[in-house]
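# Summary of structural features
This is what each chain is made of:
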Amino acid sequence: MRICYVVAMVAEAKPFIERYGIEEVKDFFAPLPCMLYEGKVGDLTLDVVLNGQQQGSDLIGCEAATMATLSAIQRLNPDLVINSGTCGAFCANGAEIAEVYIGNGVMFHDRRVPGDNAWGTQSLGNYPVWEGSRQLAKTLGFKMGKVTTGSSLDMQPCDLDIIQQNGGELKDMEGAAVGFVCSLLKTPILYVKSVTDLCDSGAETFEEFSKNLSRACEALKVANERVIDYLKGQISTN
Ligand code: SAH
């Protein structure tokens, strides 16, 4: 079994790249900026694809995530894609900083396209998640939530309206782009998201994000070790 993580920021991936001692496969995606780390964990092949950098900073957002996911699936043909990273969440839903969630759905919240239902529906996305997500969350005791993706870190009132109308809970900048590509290429996708900030706390998002980033990424590493152990167990019982 081959699992492929798609991760936006080095800070999000580094703790578990180091934990598994997996090595960079240099220039694998050249001339694209995406980076591949690969290794074995028992019978499992573990790939971690990072979006890469431009102008000295990590490529976050949907365009980079689309490119990385498409390249990863076409070149590596994984059995499962895992989009792991940080997100904003809501106090109103009982979320806390550094809490890790498994995604039970995924949508876009900043593609406002008036017109008929077909365009509106396509703009929202609502792509399928891996059918084993619920059992994994239940077995490991993770909460579940719907990932909601947009191109900005802040949240405008019109974003919040769409999030509330469609049950969005875990606000990020890549999830739905990864899900879009997975839906086209029929590759199952699991979301593992750690909370850096609470969108309804009244705090300034970037400050809260920066303050909590390393704590949330440490929690993400611990969660991903449990996810990987669970998936390893699934292969050995199959
Ligand atoms: N300039 C920042 C980059 C972080 S942007 C830096 O210097 O570190 C936010 C990243 O974290 C994105 O990849 C996004 O997926 C995630 N994220 C965390 N909280 C978010 C929120 N409230 N809204 C949107 N994305 C969020």
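The structure presented is a predicted model; accordingly, all values stated were derived computationally and were not measured.

It is worth spelling out the pairing of strand β8 (residues 100-108) at this point. Buried residues dominate β8, accounting for 8 of its 9 residues. Note that β8 and strand β11 (residues 189-198) share 3 bridges and pair antiparallel. Across the sheet, the residue bridging to isoleucine 102 is valine 192, located in β11. Sheet topology note: the β8/strand β9 (residues 143-149) ladder contains 7 bridges and is parallel.

Below, the discussion takes up helix α6 (residues 175-185). Of the positions making up α6, those classed as buried are Gly175, Ala176, Ala177, Val178, Gly179, Val181 and Cys182. Backbone geometry just after α6 places lysine 186 at a positive phi near 55°.

What follows deals with a nonpolar patch on the surface. The grouping of Leu70, Phe180, Leu184 and Leu185 at the surface amounts to a nonpolar patch, some 320 Å² of accessible area in total. Per element, the largest residue contribution to the nonpolar patch is 3 residues, and it comes from α6. Tracing the sequence through the fold places leucine 185 in helix α6.

Bringing unusual backbone geometry into the picture now. Cis geometry is found at the peptide bond from alanine 30 to proline 31, where omega equals 10°. Locating proline 31 in the fold gives a position in the loop between β2 (23-25) and β3 (35-41). Phi at asparagine 77 is positive, roughly 50°, even though this residue is not glycine. Take asparagine 77: it is sitting in the loop between α2 (62-76) and β7 (80-89). Not every positive phi belongs to a glycine, and lysine 186 is a case in point at roughly 55°. Its location among the elements puts lysine 186 in the loop between α6 and β11.

Turning next to the pattern of salt bridges. What the rule picks out here adds up to 10 salt bridges. Across the pair aspartate 159 and arginine 112 runs a salt bridge, and its minimum N-O distance is 3.5 Å. Note that aspartate 159 is positioned in helix α5 (residues 157-165) and arginine 112 in the loop between β8 and α3 (117-124), a separation of 47 residues in sequence. Judged by relative accessible area, aspartate 159 falls into the buried class, the value being 6%. For the salt bridge of lysine 193 with aspartate 172, the shortest nitrogen-to-oxygen distance reads 2.7 Å. In this pair, lysine 193 sits in strand β11 while aspartate 172 sits in strand β10 (residues 170-172), placing the two residues 21 residues apart along the sequence. The same class applies to lysine 193 and to aspartate 172, which are both buried.

Attention shifts here to the packing of aromatic side chains. Counted according to the given criterion, the structure contains 5 aromatic pairs. Between phenylalanine 206 and phenylalanine 209, the aromatic rings sit 6.3 Å apart at their centres with planes inclined by 25°, giving stacked as the arrangement. Note that phenylalanine 206 and phenylalanine 209 are positioned in helix α7 (residues 205-237) at a spacing of 3 residues, about one turn of the helix. Among the aromatic residues, those joined into a cluster by ring pairs are Phe108, Tyr127 and Phe180. One cation-aromatic arrangement involves arginine 19 over tyrosine 20; the distance from NZ or CZ to the ring centre is 4.4 Å. A cation sits over an aromatic face here: arginine 111 above phenylalanine 108, 3.6 Å from the ring centre.

Two numbers describe how α2 lies on α6: the axes approach to 8 Å, and their chain directions differ by 35°. In this structure, α2 meets α6 at a crossing whose hand is right-handed. Side by side, α2 and α6 meet where Cys62, Ala65, Thr66, Thr69, Leu70 and Ile73 of the first sit next to Ala177, Val178, Val181, Cys182 and Leu185 of the second. Residues that form the contact of α2 with α6 fall into these classes: 9 nonpolar, 2 polar and no charged.

Glancing now at the side chain of threonine 86. With respect to the helices and strands, threonine 86 occurs in strand β7. Using a relative accessible area of 8% as the deciding quantity, one classes threonine 86 as buried. At a separation of 2.8 Å, a polar atom in the side chain of threonine 86 contacts the side chain of glutamate 12. Filtering out sequence-adjacent residues up to four positions away, threonine 86 remains in contact with Glu12, Asp172, Lys193, Ser194, Thr196, Phe209, Leu213, Ala216 and Cys217.

What counts and how
Residues numbered from 1 in each chain as written. Predicted model: local features only at pLDDT ≥ 70, side-chain atom pairs only at ≥ 80, totals over all residues. Heavy atoms only, no water. Buried < 20%, exposed > 50% of the residue type's maximum accessible area, 1.4 Å probe, protein only. Helix = DSSP H or I, 4+ residues; strand = E, 2+ residues; numbered from the N terminus. Pairing = 2+ DSSP bridges. Patch = residues over 30% accessible without salt bridge, like charges linked within 9 Å, V, L, I, M, F, W, Y side chains within 5 Å. Areas by Shrake-Rupley, 256 points an atom, 1.4 Å probe, with all protein chains shown as cover. Salt bridge = Lys/Arg side-chain N within 4 Å of Asp/Glu carboxyl O. Phe/Tyr/Trp six-rings, centres within 6.5 Å; stacked < 30°, edge-to-face > 60°. Lys NZ or Arg CZ within 6 Å of the ring centre and 35° of its normal. Axes fitted to C-alpha atoms, helices over the stretch in contact; angles between N-to-C directions. Left-handed = near helix turned anticlockwise from the far one by under 90°. Contact = heavy atoms within 4.5 Å. Nonpolar A, V, L, I, M, F, W, Y, C, P; charged D, E, K, R; others polar. Polar contact = N/O pair within 3.5 Å; in protein donor to acceptor, adjacent residues only side chain to side chain.

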